[in-house]
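Listed here are the chains, written in short residue letters.
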Amino acid sequence: MASSYNAKEEDGHHSGASSGAGAAKNRKPDNTAFKQQRLPAWQPILTAGSVLPAFFVIGLIFIPIGIGLYVTSNNIREFEIDYTGESSNSPCYSCAKNVTWNSTEPCFCTVNFTLERPFESNVFMYYGLSNFYQNHRRYVKSRDDRQLNGDPSSLRNPSKECEPYRTSGDLPIAPCGAIANSLFNDSLVLYYIDSNNSQSEVPLVKKGIAWWTDKHVKFKNPGGNSNLTAAFQDLGHSTAKPVNWRKAVYELDPSDPENNGFINEDFIVWMRTAALPTFRKLYRIIQKKPGATPTLPSGNYVLHITYNYPVLSFDGRKRMILSTISWMGGKNPFLGIAYITVGSICFFLGVVLLIIHHKYDNRNTSADIPS
Amino acid sequence: IDTRTVYVANRFPEHGHYVPQRFADNRIISSKYTIWNFVPKNLFEQFRRIANFYFLIIFLVQLMIDTPTSPVTSGLPLFFVITVTAIKQGYEDWLRHKADNEVNGAPVFVVRSGSLVQTRSKNIRVGDIVRVAKDETFPADLVLLSSDRPDGTCHVTTASLDGETNLKTHYSVPETSVCQSVSQLEALQAVVECQQPEADLYRFVGRMTVTQHGEEIVRPLGPENLLLRGARLKNTKEIFGVAVYTGMESKMALNYKCKSQKRSAVEKSMNTFLIIYLIILLSEAILSTILKYAWQAEDKWDEPFYNQKTEAERNSSPILKFISDFLAFLVLYNFIIPISLYVTVEMQKFLGSFFIGWDLDLYHEESDQKAQVNTSDLNEELGQVEYVFTDKTGTLTENEMQFRECSINGTKYREVNGKLVPEGMTDELGVLLANTFLRTGEELLFLKAVSLCHTVQISYDQSDCLVGGGDPFSHVNGFSSNHMEYYASSPDEKALVEATKRIGVAFTGSNGDTMEIKTFGKSEKYKLLHVLEFDPNRRRMSVILQTPSGGKVLFTKGAESAILPFTTSGEIEKTRLHKGLRTLVVACRHFSPEEYINVDRQLNSARTALQQREERLQEAFNYIERDLQLLGATGVEDKLQDKVQETIEALRLAGIKVWVLTGDKHETAVSVSLSCGHFHRTMNILELLQQHSDNECAEQLRRLARRLKEDHVIQHGLVVDGASLSLALREHEKLFMEVCKNCSAVLCCRMAPLQKAKVVRLLKTSPEKPITLAIGDGANDVSMIQEAHVGIGIMGKEGRQAVRNSDYAIARFKFLAKLLLVHGHFYYIRIATLVQYFFYKNVCFITPQFLYQFFCLFSQQTLYDSVYLTLYNICFTSLPILVYSLFEQLVHPHVLQNKPGLYRDISKNSLLSFRTFLYWTVLGFCHAFVFFFGSYILMGEDTTLMGNGQMFGNWTFGTLVFTVMVITVTLKLALETHFWTWMNHFVTWGSIAFYFIFSLFYGGIIWPFLHTQDMYFVFVQLLSSGSAWFAIIIIIITCLFPDVVKKVFYRHLQPTSTQKSQVMRGGGAGALKTSAKWECVMASHLQVVAWEPL
């Protein structure tokens, strides 16, 4: 815009003076709706009159929705037990004291608990960690999605983002990075204590806990799912297991080749980093039993824990959660409350506006525009 | 070298020492770039902008250190912004190239090797002999060699250079003027020596050495020998000239100056807001850095077993780490500075300004002129004007002088159908009488005086009428006088000469020192002896003529006050004309032969005096122009333009103060002021006139101030004249300003051009810093047009000077009302909302990211995926605001124009006041908190949101916040939109749809070139959760709901007048289409209107 000079002006020609009446009026702007800013348009105005119905409608829709959501959420059974063992009277106290990364011996502890009411339908078993920053930047980026997708070159030469968990000695680590390295490795087994005090194991399903797309597309074993040992060990270049792991990635679930290696579901679940420092991850699913018997009848249970994962060093907590699920997920009263609140406020303000509309509107719109 | 030596036709001396000089070629270059330097030069210029430079720095920081986002996230938007701007500038430059090529490629005729050759303008070299034909412009600065006239003169008009429309005569050196053909020119041996190029149009010093028959004749050259590039040849069939200054060295090109950049108030507040945001950014970054170190003081937080650092990280120096942490936070939050703000504003201004040119209401049918936008930078300033300074002649009036009446020897005459009719007679009788009665004595003398005492030139329309040769008189006889057109420097003179022609005494031409008139068909020749030129101090001009009978007579013409004191005979008392007319008094003086000899001697000695020539000339003039015999007076009317009164009234209602600044005399100015409604009859008119001393002036000012205080009930108008004004401004600026501010109308008369600019500057710099607008049509208004915040040129009769220096040009004064009240209002609302919205949406964007740091140990983890970070400003939220800012109309244009009071609603930059800025910023923060904590409560309860019990991760959380944000931010704009064209619908819903489609696509593929696949199926998983949908809806409603409530409450409890007029119109225009729901809303609305007591 700086240069206003226009060479064409040089001839100082302006048609007003020199083009006579005979010349066409070619400079006349087109009389189109667009150029004259007369496009057809909807011109809403936010007045009490126009928003009143909206308020009432929102109020009338939201309150029932809110009540529905709240009831749904309330019908969900949830049971949570902390088994960290930081206090001396806790059953896992000694484990918590003794377990470190280097310990080779697993530590076992058991926790007893009672379910007051039976859990119907499918029950989902979660483990929860607190004060665990899976969302730390250094942690979040410390992975190699190419390697996890089965790319052989990344298997041999993991991404630099994996540092300092990239190589172990001379060997590349598979799976590399801090996330994989810190894989949660407690194992939880649930027993039901029936009336004659005998323990029966509750069957836990370990499939279907990871996103389908993760398991089938995003995560892939190098060289297919058969013969994982060869893929990770031989092929002319072997890989090392992550330093904190007790067993290699191809030994995660030797019993099921569809759940072993990179496509092990516990591993995939762990690899989806949590948004906040207190989080839950789906551990197992307790399938609904056929017939009318509840999945988890009320009564006493015992949780057998293989305590491998030390959390006390960072003031962490470990929990086991049992929860039923509705169509909208787990227990979450927030949505219901929010809908009820907003709906009520809308309705209330609708009433207030109605009053304003009647009382003030006449007076104000009739006042003249000052000039 | 101080001089340049030009060999005519480049015939260099064959022997002797000759050093060829290098001159520029005749190419005019107004373009800034060439193909080769476009990229580096344009980049350099763009990065000189603070905002672009800032983002470049951020980009470089991202390249150099480990930052949370990849360099692409800021590099891509920057690239986008730079590219868009470069395309725009490239396009503008291409237009300039095209214009340049047109000028440079124009065909010209040059004498080369003995014949006339057609070539392109750019090929003219210094020394070439150029032929220019009638009505062509000169392609370079030429020294006139010869014309087709025997005396070697030609006429030119310089309207495009200095705005003067009169014909000027230029001369050639006698030795060359005989060379009227190519062959004669071929034989010409001449050298021109002249000064180096300089910008002054009126200065040229040189000499020409012509070698004839072996002897050298030296002739001086002055400006009257130089034909300037850009001027136009008139009245002469063809001329030959030698090019002395070419291309960028021509005086016209040297006079091209960069217009000083005017910045609008909006831009200034935009920069203030940017600085505030920069401070917010810096403090957020500093706070985060400090908190990071506070929270990570312990190893168990900084480096727990699961998240070890690398060796390099552990070993880097703490200071370096601190700095790089700070920079990383800066990068993380840098999007709070809206990168695309500038480019959007620029696009909005560029595209939006087309509407002014397209407006049919600003199109003037008669002259086929539409409004013209010279700079789009000031569109919104049109909505902020507080003072309008307007020129009178040609702006308020047509500048079309119409002879109305005259007074001859005490009798008043009106002109009716080309006849002078004495006052008081009916038309028909008068005409009959006039035919017989007018031919005698004083009347005739008066008419002759009027038709002889002037400096008018004649142009003959048909070029072939000059074929025969030099004597113009011969053609006049052969052709009807309709073909001649008068050219005069003052429109009054032209009107007078035309009037006498109609009445029967026609000026038919001048040739050298002979003037010819035809009195009722009878031709008379007068010998022009002397011209006593007009000057503004004397305010009169005279000619001394030898009558056909041999007597010497002086005719003089000038302002009443300049002539009446010197008259000794004639009907001095009775010579009175209507007050509103521009009056000129005509007088004469007959010299006896002895007297004339004395006069002649005095004049000649004064003219040839070497010292104090000016003073001596004045003396001589005063000596000659006395003992006058009053012949009569002429009254010329300048018609008011259409609808001036309504326009001024509308501006006043809009709260704009109108000042009229004119060079005219006090009486005329006041009468025009009254007739155009600037002054009311009921106004008390205060005067500050003819103050000669400082004390007097101060005393008068104090008196006026007292009077203003005493009766503040009625309106006051102030009349100031130039002389008093300069006194008032010198010492008593404050007092003067106080008086002015309390007057509702101010009229300044007798103003010099620079004084006009001074008045504008005075108000511009007064403590309130009001926004000023100057409007004018002539070269004398240019300084004030350039001085004011907004300069408007009227495309009038006085050349294009004002138009070219203006920011906007319109054909008529009345268009000002629509330009300000409608276009100004719209542009202001649009750009103000645009700016505020941009800051708002970026606060919404970045604040969740800041809040997230509290939950991730200030590790600089981003909340959103980097693709979202990149595309938020350039794809997801860019178009709705652009379309809004192009089409928004919050009130119907007719309402705006009919209720000028609405203009007050936006005065004083009210939509960009700190309060509104605070509102938008706080709103942005509030919305950001709702997005973030809404999502946090939903997901932070760490329950699953899916029906299959599976869990979400951090990317899903970020995507949820982002989705809510994109929708809310788009809907917030939808709430602000009052004018929903199909384009608004398209871009608003289209943007949201695009976000969804893009996210599905982006998350649906394992991208081979990305090294993380964080977003894989995240969006689909999010949408497959019912809770997420409910959460999205409730969060959006929660954000927008209070805003709607606020709007409704304010509208009903404290409505602005704009809002009231929306309601009025709403009732009327309710029949406009759309959904049934709206119909019912409208229906309830109509009821509201119906309830009003009438």
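This is a predicted model, so every value here is computed, not measured.

1. A word on the overall build of chain B
- Summing up its helical and strand segments, chain B has 39 helices and 35 strands in all.
- Over its C-alpha atoms, taken along the principal directions, chain B stretches across nearly 120 × 90 × 60 Å.
- In chain B, which comprises 1094 residues, the proportion classed as buried is 58%.
- The contacts in chain B between residues at least 6 apart in sequence include a share of 73% that link residues at least 24 apart.
- Carbon and sulfur atoms make up 58% of the accessible area of chain B, which totals about 43700 Å².
- Chain B carries 108 positive and 112 negative side-chain charges, and their two centres are separated by 1 Å.

2. Some points on the overall build of chain A
- Within chain A, the regular secondary structure consists of 12 helices and 10 strands.
- The burial tally for chain A puts 53% of its 371 residues in the buried class.
- For chain A, long-range pairs separated by at least 24 residues make up 78% of all intrachain contacts whose partners lie at least 6 apart in sequence.
- Here chain A displays about 16000 Å² of accessible surface, and carbon together with sulfur accounts for 54% of that area.

3. Things to note about the sheet that holds strand 35 (residues 808-810) of chain B
All names here are of chain B.
- In spatial order, the strands read 14-35-34-33-15-29-32-31-30; together these 9 strands make up an open sheet with mixed pairing. In this open sheet, the two edge strands, each paired with only one partner strand, are strand 14 (372-373) and strand 30 (684-688).
- The pairing of strand 30 with strand 31 (residues 716-721) spans 5 bridges and is parallel. Residue pairing for strand 31: L686 is matched across the bridge by L718.

4. With respect to the interface of chain A and chain B
- Facing the 123 residues of chain A at the interface are 151 residues of chain B.
- Together chain A and chain B conceal approximately 12400 Å² of surface at their shared face, both sides included; 62% is due to carbon and sulfur atoms.
- Linking chain A with chain B are 4 salt bridges, by the criterion used here.
- Linking R137 of chain A and D66 of chain B is a salt bridge whose minimum nitrogen-to-oxygen distance equals 3.3 Å.
- The interface formed by chain A and chain B contains 35 residue pairs in polar contact (both at pLDDT 80 or more).
- Among the elements that take part in the side of chain A that touches chain B, helix 11 (residues 333-359) of chain A stands out by supplying 12 residues, more than any other.

5. Section: the nonpolar core
- If you look at the biggest cluster of nonpolar residues, it comprises 134 residues, and the most contacted ones within it are L335 of chain A together with F845, Y864, Y868, F962 and M965 of chain B.
- With 19 residues, the top contributor of residues to this core is helix 29 (residues 815-853) of chain B.
- The residues contacting M965 of chain B, other than those within four sequence positions of it, are C844, F845, Y864, Y872 and F931 of chain B.
- Core analysis: the second largest hydrophobic core is formed by 75 residues, C92, Y139, I209 and F262 of chain A among them.

6. So, the sheet that holds strand 2 (residues 107-115) of chain A
All names here are of chain A.
- Within the open sheet, the 4 strands sit side by side as 2-9-6-7. Their pairing is antiparallel. What marks the edges here is a single partner per strand, and that holds for strand 2 and strand 7 (199-201). Adjacent strand axes in the sheet meet at a mean angle of 30°, parallel and antiparallel pairs treated alike.
- Two elements, strand 2 and strand 9 (residues 299-307), share 9 bridges in a ladder whose sense is antiparallel. If you follow C109 over to strand 9, its bridge partner there is I305.

7. Quick word on the domain arrangement of chain B
- Split into domains, chain B comes out as domain 1 (3-26 + 124-255), domain 2 (364-397 + 639-821), domain 3 (406-462 + 483-637) and domain 4 (823-1058).
- With centres defined by C-alpha atoms, the gap from domain 1 of chain B to domain 2 of chain B works out at 43 Å.

8. Observations regarding helix 30 (residues 866-876) of chain B
All names here are of chain B.
- The buried fraction of helix 30 amounts to 8 of the 11 residues, a majority that puts the element mostly inside the structure.
- Buried within helix 30 we find Y868, L869, T870, L871, Y872, N873, I874 and F876.
- Next to the buried residues of helix 30 lie helix 3 (71-104), helix 29, helix 31 (878-887), helix 34 (954-976), helix 35 (982-1003) and helix 36 (1018-1023).
- For helix 30, the side-chain oxygen to backbone nitrogen distance between the N-cap and V867 is 3.2 Å, and the N-cap itself is D865.

9. Side note on the state of the cysteines
- The tally for this structure, following the rule as stated, stands at 3 disulfides over all chains.
- Shown here is the disulfide that connects C92 of chain A with C109 of chain A, its sulfur atoms set 2.0 Å apart. Because the sign of the S-S torsion sets the handedness, a value of about 85° for the bond joining C92 of chain A and C109 of chain A places this disulfide among the right-handed ones. Of this pair, C92 of chain A sits in the loop between strand 1 (78-82) and helix 3 (93-98) while C109 of chain A sits in strand 2, and the two are 17 residues apart along the sequence. Judged on exposure class, the residue C92 of chain A and its partner C109 of chain A are both buried.
- Taken in sequence order, the bonded cysteines of chain A link in the pattern 1-4, 2-3, 5-6.
- This cysteine, C926 of chain B, is not joined by any disulfide, and C1039 of chain B carries the nearest cysteine sulfur, 9.0 Å off.

10. A look at the UniProt feature "binding site: Mg(2+)" (unreviewed entry) in chain B
Residues and elements named next belong to chain B.
- Sequence positions flagged by UniProt for "binding site: Mg(2+)" (unreviewed entry) are, in local numbering, D391, T393, D777 and D781. Separation in sequence by 391 residues is not matched in space for these annotated residues, since their most distant C-alpha atoms are only 10.6 Å apart.
- Along the chain, D781 falls in the loop between strand 33 (772-776) and helix 27 (782-787).
- Look past the residues within four positions of D781 in its chain and what remains in contact with it is D391, K756 and G776.
- Within the local environment of D781, its side chain forms a polar contact with the side chain of K756, the two groups lying 2.7 Å apart.

11. Quick look at helix 24 (residues 722-731) of chain B
- Burial in helix 24 of chain B covers these residues: G722, S724, L725, L727, A728 and L729 of chain B.
- The elements touched by buried residues of helix 24 of chain B are strand 30, helix 23 (694-710), strand 31, helix 25 (733-742), strand 32 (745-749) and helix 26 (753-764) of chain B.

12. Brief notes about the packing of aromatic side chains
- Within the structure shown, the criterion is met by 100 aromatic pairs over all chains.
- Judged by centre distance (6.2 Å) and plane angle (80°), the rings of F933 of chain B and Y936 of chain B are edge-to-face. With a gap of 3 residues between them, F933 of chain B and Y936 of chain B both fall in helix 33 (residues 914-940), about one helical turn apart.
- Positioned above the aromatic ring of Y307 of chain A is the side chain of K318 of chain A, whose terminal nitrogen or guanidinium carbon lies 3.5 Å from the ring centre.

13. Thoughts on the pairing of strand 10 (residues 317-324) of chain A
Residues and elements named next belong to chain A.
- Buried residues dominate strand 10, accounting for 7 of its 8 residues.
- In this structure, strand 1 lies alongside strand 10, joined through 5 bridges in antiparallel fashion. Along strand 10, the bridge assignment pairs F79 with L322.
- Here strand 3 (residues 123-130) pairs with strand 10 via 8 bridges, running antiparallel. Bridging from a neighbouring strand, F124 pairs with S323 of strand 10.

14. Re the environment of C176 of chain A
All names here are of chain A.
- Relative to the helices and strands, C176 resides in the loop between strand 5 (171-172) and helix 7 (178-181).
- Considering only alpha carbons, one finds C176 and S159, 17 residues apart in sequence, at a separation of 8.3 Å.
- Not counting residues up to four positions away in its chain, the partners in contact with C176 are S142, R143, D144, Q147, P158, C162, Y165 and R166.

15. As for the UniProt feature "transmembrane region" (unreviewed entry) in chain A
Residues and elements named next belong to chain A.
- Using the residue numbers shown here, the UniProt feature "transmembrane region" (unreviewed entry) corresponds to residues 45-71 and 334-356.
- With 89% helix and 0% strand, residues 45-71 has its two end C-alpha atoms placed 38 Å apart.
- With 100% helix and 0% strand, residues 334-356 has end C-alpha atoms that lie 32 Å from one another.

16. Quick look at the side chain of S340 of chain B
- The residue S340 of chain B is located in the loop between helix 11 (318-333) and helix 12 (341-352) in this model.
- Setting aside anything within four residues of it in sequence, one finds S340 of chain B in contact with V81, F838 and N873 of chain B.

17. Description of unusual backbone geometry
- The linkage connecting E163 of chain A with the following residue, P164 of chain A, adopts the cis geometry, with an omega of 0°.
- Within the secondary structure, P164 of chain A sits in the loop between helix 6 (152-156) and strand 4 (167-168).
- Along the chain, A174 of chain A connects to P175 of chain A via a cis peptide bond; the corresponding omega equals -10°.
- One can find P175 of chain A in the loop between strand 5 and helix 7.
- Phi angles above zero are rare outside glycine, and F858 of chain B is one such case at about 50°.
- A positive phi angle, close to 60°, is found at K908 of chain B, a residue other than glycine.
- You can see K908 of chain B is positioned in the loop between helix 32 (893-898) and helix 33.
- Residue class for K908 of chain B comes out exposed when judged on its relative accessible area of 52%.

The rules behind each value
Residues numbered from 1 in each chain as written. Chains lettered and ligands numbered in written order. Predicted model: local features only at pLDDT ≥ 70, side-chain atom pairs only at ≥ 80, totals over all residues. Heavy atoms only, no water. Helix = DSSP H or I, 4+ residues; strand = E, 2+ residues; numbered from the N terminus. Buried < 20%, exposed > 50% of the residue type's maximum accessible area, 1.4 Å probe, protein only. Contact = heavy atoms within 4.5 Å. Areas by Shrake-Rupley, 256 points an atom, 1.4 Å probe, with all protein chains shown as cover. Lys, Arg positive; Asp, Glu negative; His and termini not counted. Charge placed at Lys NZ, Arg CZ, Asp CG, Glu CD. Pairing = 2+ DSSP bridges. Buried area = accessible area lost by both parts, 1.4 Å probe. Salt bridge = Lys/Arg side-chain N within 4 Å of Asp/Glu carboxyl O. Polar contact = N/O pair within 3.5 Å; in protein donor to acceptor, adjacent residues only side chain to side chain. Core = buried A, V, L, I, M, F, W, Y, C linked by side-chain atoms within 4.5 Å. Axes fitted to C-alpha atoms, helices over the stretch in contact; angles between N-to-C directions. Domains from an automatic or database assignment. Disulfide = S-S within 2.5 Å. UniProt positions renumbered as here; feature names shortened; annotations may be inferred. Phe/Tyr/Trp six-rings, centres within 6.5 Å; stacked < 30°, edge-to-face > 60°. Lys NZ or Arg CZ within 6 Å of the ring centre and 35° of its normal.

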